[in-house]
Amino acid sequence: PGIVAVVPAAGVGKRMQANIPKQYLTIGDKTILEHTVNCLLQHADIVAVIIAISDGDEYFAETGLQDDSRVTVVSGGKERADSVLSGLIAAGDAKWVMVHDAARPCLQHGDLDALIDTAITSEHGAILAAPVRDTMKRADSHGGINETVCREQLWHALTPQMFPTEMLRDALKSALENSLLVTDEASAIELAGGKPKLVQGSASNIKVTQPDDLNLAAYYLSTR
Ligand code: C5P
């Protein structure tokens, strides 16, 4: 299928404690954003990539992505979901859309293949996810433990997440209009009553969030 990828890249990356947004930190000779987008562009089923960047972004123009005819840039928004919606609007009448965080440069094509296979046969799309490994605790407001949460059915939601474009656009619009909290695309579909499928992805598909993650991402990329 011809899939359009939307990459939210309009965050500031506060937790990274760097003086530039984390998607523009470099690993080897490329920025994190370039690693991420190149992986998507190198997949045969992905026909275009729409990147949401913040207004006043001074770094994108310096990347090699500028000159790729399959890449389009849109203006991101206040929250991640706003940035994603800008991208979805630009996706027009594309049948399928895949949303992938700019900050996940270690995505592999095997995971993409598995996600696409499941999403195109699912009624409400699919997401990459990883089973929780540790014992999970719910905290009280004083740093104490309220309870242990059974981890049997708990998964980390990763990206990419893939849906019929119109379904996701409608779901996200309605969630945002109603000020509902959506921290990933599947949650918008869930709020609209849908049930996306979980596809187990590899644990190396980390989101670069804290300074330490940069070394780990560099390691994973060096093993390719
Ligand atoms: O902050 P967090 O790690 O959850 O961000 C996930 C992705 O969403 C990052 O790639 C970030 O650039 C993007 N984002 C965005 N617009 C925002 C906030 C985050 O595109 N307003």
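Chains are numbered independently. Their residues run from 1 in the order of the written sequence. Residues qualify for local features only when their pLDDT is at least 70, as the model is predicted, and side-chain atom pairs are given and counted only at 80 or more; totals for whole chains, interfaces and linings, by contrast, use all residues.

Turning to the site of the ligand, a few remarks are in order. Each residue receives a C-beta atom built from its backbone; the residue is near a molecule or strand if that atom lies within 6 Å of it. In the neighbourhood of the ligand, 17 residues make up the surrounding shell, with P8, A10, G11, S83 and A102 lying closest. Residue polarity is assigned by list, with Asp, Glu, Lys and Arg as charged and Ala, Val, Leu, Ile, Met, Phe, Trp, Tyr, Cys and Pro as nonpolar; anything else, Gly included, falls into the polar class. Among the residues forming the shell around the ligand, the class breakdown is six nonpolar, six polar and five charged.

All right, on to the nonpolar core then. Working definition: the nonpolar core is a set of buried Ala, Val, Leu, Ile, Met, Phe, Trp, Tyr and Cys residues, joined through C-beta atoms within 7 Å. Three exposure classes are used. Buried residues have 20 or more other C-beta atoms within 10 Å of their own C-beta, exposed residues have 12 or fewer, and partly exposed residues fall in between, all C-beta atoms being placed from the backbone. Within the largest apolar cluster, 60 residues are counted, with the highest numbers of intra-cluster contacts made by V6, V49, V97 and L172. The numbering of helices and of strands both runs from the N terminus, where a helix is a DSSP run of H or I of at least 4 residues and a strand a run of E of at least 2. Broken down by element, this core gets its largest block of residues, seven residues, from strand β4 (residues 46-53).

What follows is about the UniProt feature "site: Positions MEP for the nucleophilic attack" (unreviewed entry) in the chain. According to UniProt, the feature "site: Positions MEP for the nucleophilic attack" (unreviewed entry) maps to R151 and K207 in the numbering used here. Considering the arrangement of structural elements, one finds R151 in the loop between β9 (145-149) and β10 (155-164). A count of 13 C-beta atoms within 10 Å places R151 in the partly exposed class. Throughout, a residue-residue contact means that the two C-beta atoms, derived from backbone geometry, are no farther apart than 7 Å. Discounting residues that sit within four places of it in the chain, R151 has contacts with V132, T135 and M136. Considering the arrangement of structural elements, one finds K207 in the loop between β11 (197-200) and α6 (211-222). Setting aside residues no more than four positions away along its own chain, K207 makes contact with D101, A103 and R104. UniProt positions are given in the numbering used here, feature names are shortened, and annotations may be inferred rather than shown by experiment.

Take the UniProt feature "site: Transition state stabilizer" (unreviewed entry) in the chain next. Feature annotation in UniProt assigns "site: Transition state stabilizer" (unreviewed entry) to the following positions: R15 and K22. Take R15: it is sitting in the loop between β1 (3-8) and β2 (26-27). Taking the number of C-beta atoms within 10 Å as the measure of exposure, R15 has 13 and is therefore partly exposed. Look past the residues within four positions of R15 in its chain and what remains in contact with it is T209 and Q210.

Another aspect to go through is unusual backbone geometry. Here the bond from T159 into P160 is cis, since omega is 5°, no more than 30 degrees from zero. Turning to its location among the elements, P160 is positioned in strand β10. At Q17, a position not held by glycine, the phi torsion is positive, near 55°. Among the structural elements, Q17 can be located in the loop between β1 and β2. For Q17, a count of 9 C-beta atoms within 10 Å corresponds to the exposed category.

Here we come to the environment of G76. Checked against the element boundaries, G76 lands in the loop between β5 (71-75) and α2 (80-90). A tally of 23 C-beta atoms within 10 Å means that G76 is categorised as buried. Measuring from C-alpha to C-alpha, the distance between G76 and A52 comes to 4.7 Å, with 24 residues separating the pair along the chain. Sequence-distant contacts of G76, that is, excluding residues within four places in its chain, are made with P8, A10, A52, I53, S54, S83 and S86.

Here M162 lies in strand β10. The exposure class of M162 is buried, given the 30 C-beta atoms found within 10 Å. The sequence separation of M162 and G13 amounts to 149 residues, and the corresponding C-alpha distance is 24 Å. Look past the residues within four positions of M162 in its chain and what remains in contact with it is W96, M98, L115, I116, A119, G125 and A126.

The next subject is the confidence of the model for the chain. On average, residues of the chain score 96 in pLDDT, and 100% of them are at 70 or above. Taken together, the chains of this predicted complex give a pTM of 0.96 and an interface ipTM of 0.97. One number per residue, pLDDT, summarises how confident the predictor is, and it ranges from 0 to 100.

With that settled, the discussion passes to the pairing of strand β7 (residues 126-131). In this sheet, β10 lies alongside β7 in antiparallel orientation, the contact comprising five bridges. Across the sheet, residue A130 finds its bridge partner in β10, namely H156. Between any two strands, at least two bridges found by DSSP are needed for them to pair. Looking at chain direction, β7 and β11 are connected through four bridges and run parallel. In the strand pairing of β11, A126 is matched with K197.

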